[in-house]
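# Structural overview
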Amino acid sequence: MNKSVLEFQNVWKTYKMGTEKVKALRGVNLTIKEGDFIAIMGPSGSGKSTLLHLAGILDIPTEGTVLMNGKNVKDYSGKEQAKQRRSNIGFIFQRFNLMPQLTAIENVMLPMISQDEKKAKMLLNKIGLKDKYKRFQKQLSGGEQQRVAIARALANDPSILLADEPTGELDTENTRLIMELLKNLNENDGLTIVAVTHNPLAAEYAKEVITMQDGNIKS
Ligand SMILES: Nc1ncnc2c1ncn2[C@@H]1O[C@H](COP(=O)(O)OP(=O)(O)OP(=O)(O)O)[C@@H](O)[C@H]1O
Ligand SMILES: [Mg+2]
């Protein structure tokens, strides 16, 4: 059986806004194993992004436990958390992914500890942007920008890729291209992927679809 990369055990997340409390996650149990490709669907406000943020140690649970590679993320120091985020986790967001003042290749090298141009080129080739290393964000289509963002998320060989609406701003053709790319990374490189999406077409590419409702996974 495949090793578990992430485990959510009765995870609650409550946001406080003044006197108001929002229970964004309500007792989530979820295991993500090596090689999984999971799509998370569900209505707006159901807690999808919150779940992804906890998975990426961008936040910690109010109650319950998140284990990453068997270790409770609460036990990581701030420095260890940052190290995990940098080396173990790749993120892609819906937009605002790239630095507009950097070229494609500079964006890919951004998270690298030592600037490895060869590797950045290899990653850009892999996602089909061989001839566009030197392009700036505004010189790339939306789909191409998202592909650069994927290459950048892979810069430090993460064990898991977390994507929040990676095709949210894309047309059908580009949605297919991006999802096809993720599928290949999952199937050929064994990359573990969790992608939040509203789009049933995008979700079709995943091996498993889970649906959230009211802060929990719908069974
Ligand atoms: N930083 C925050 N402070 C207060 N409330 C928040 C915060 N972030 C999210 N929420 C609330 O928590 C709930 C879950 O939000 P979340 O962003 O996880 O939903 P989502 O499923 O990703 O929605 P969408 O599909 O619209 O992106 C919502 O009620 C939201 O308003
Ligand atoms: Mg969201």
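If you're wondering where the values come from, they're calculated on a predicted model, not measured in any experiment.

### A look at the site of ligand 1
Around ligand 1 sit 13 residues, and of these Ser44, Gly45, Lys48, Ser49 and Thr50 come closest. One of the side-chain nitrogen or oxygen atoms of Ser44 is found 2.5 Å away from an oxygen atom of ligand 1. One nitrogen or oxygen atom from the main chain of Gly47 is found 3.0 Å from an oxygen atom belonging to ligand 1. A total of 630 Å² of accessible area belongs to ligand 1 in isolation, and the protein chains cover 63% of it. Mapped by element, the contributors of at least two residues to the shell around ligand 1 are strand S1 (4-17), strand S2 (20-33) and helix H1 (48-55). Among the elements that take part in the shell around ligand 1, H1 stands out by supplying three residues, more than any other. Looking at the shell around ligand 1 residue by residue, the classes come out as five nonpolar, seven polar and one charged.

### Side note on the pairing of strand S4 (residues 63-68)
In the sheet, S1 pairs with S4 via five bridges, with the strands oriented antiparallel. When the bridges of S4 are listed, Trp12 appears paired with Glu63. Between the end of S4 and the start of strand S5 (residues 71-72), which pair antiparallel, lie two residues, with Asn69 showing a positive phi angle near 50 degrees.

### Regarding the nonpolar core
In this structure, Phe37, Leu124, Val148, Ile150, Leu161 and Leu182 are the most contacted members of the largest nonpolar core, which totals 39 residues. Contributing elements (two or more residues each) for this core: strand S3 (37-41), helix H3 (104-109), helix H4 (117-126), helix H5 (142-153), strand S7 (160-164), helix H6 (172-189), strand S8 (192-196) and helix H7 (200-203). Each residue touching Phe37, except ones within four places of it in the same chain, is listed here: Met179, Leu182, Lys183, Asn186, Ile193, Ala195, Tyr205, Ala206, Lys207 and Glu208. Counting residues in each nonpolar core, the second largest holds 27 residues, with Leu6, Met68, Phe91 and Ile160 among its members.

Rules of the game
- Residues numbered from 1 in each chain as written.
- Chains lettered and ligands numbered in written order.
- Predicted model: local features only at pLDDT ≥ 70, side-chain atom pairs only at ≥ 80, totals over all residues.
- Heavy atoms only, no water.
- Near = heavy atom within 4 Å.
- Polar contact = N/O pair within 3.5 Å; in protein donor to acceptor, adjacent residues only side chain to side chain.
- Areas by Shrake-Rupley, 256 points an atom, 1.4 Å probe, with all protein chains shown as cover.
- Helix = DSSP H or I, 4+ residues; strand = E, 2+ residues; numbered from the N terminus.
- Nonpolar A, V, L, I, M, F, W, Y, C, P; charged D, E, K, R; others polar.
- Pairing = 2+ DSSP bridges.
- Core = buried A, V, L, I, M, F, W, Y, C linked by side-chain atoms within 4.5 Å.
- Buried < 20%, exposed > 50% of the residue type's maximum accessible area, 1.4 Å probe, protein only.
- Contact = heavy atoms within 4.5 Å.

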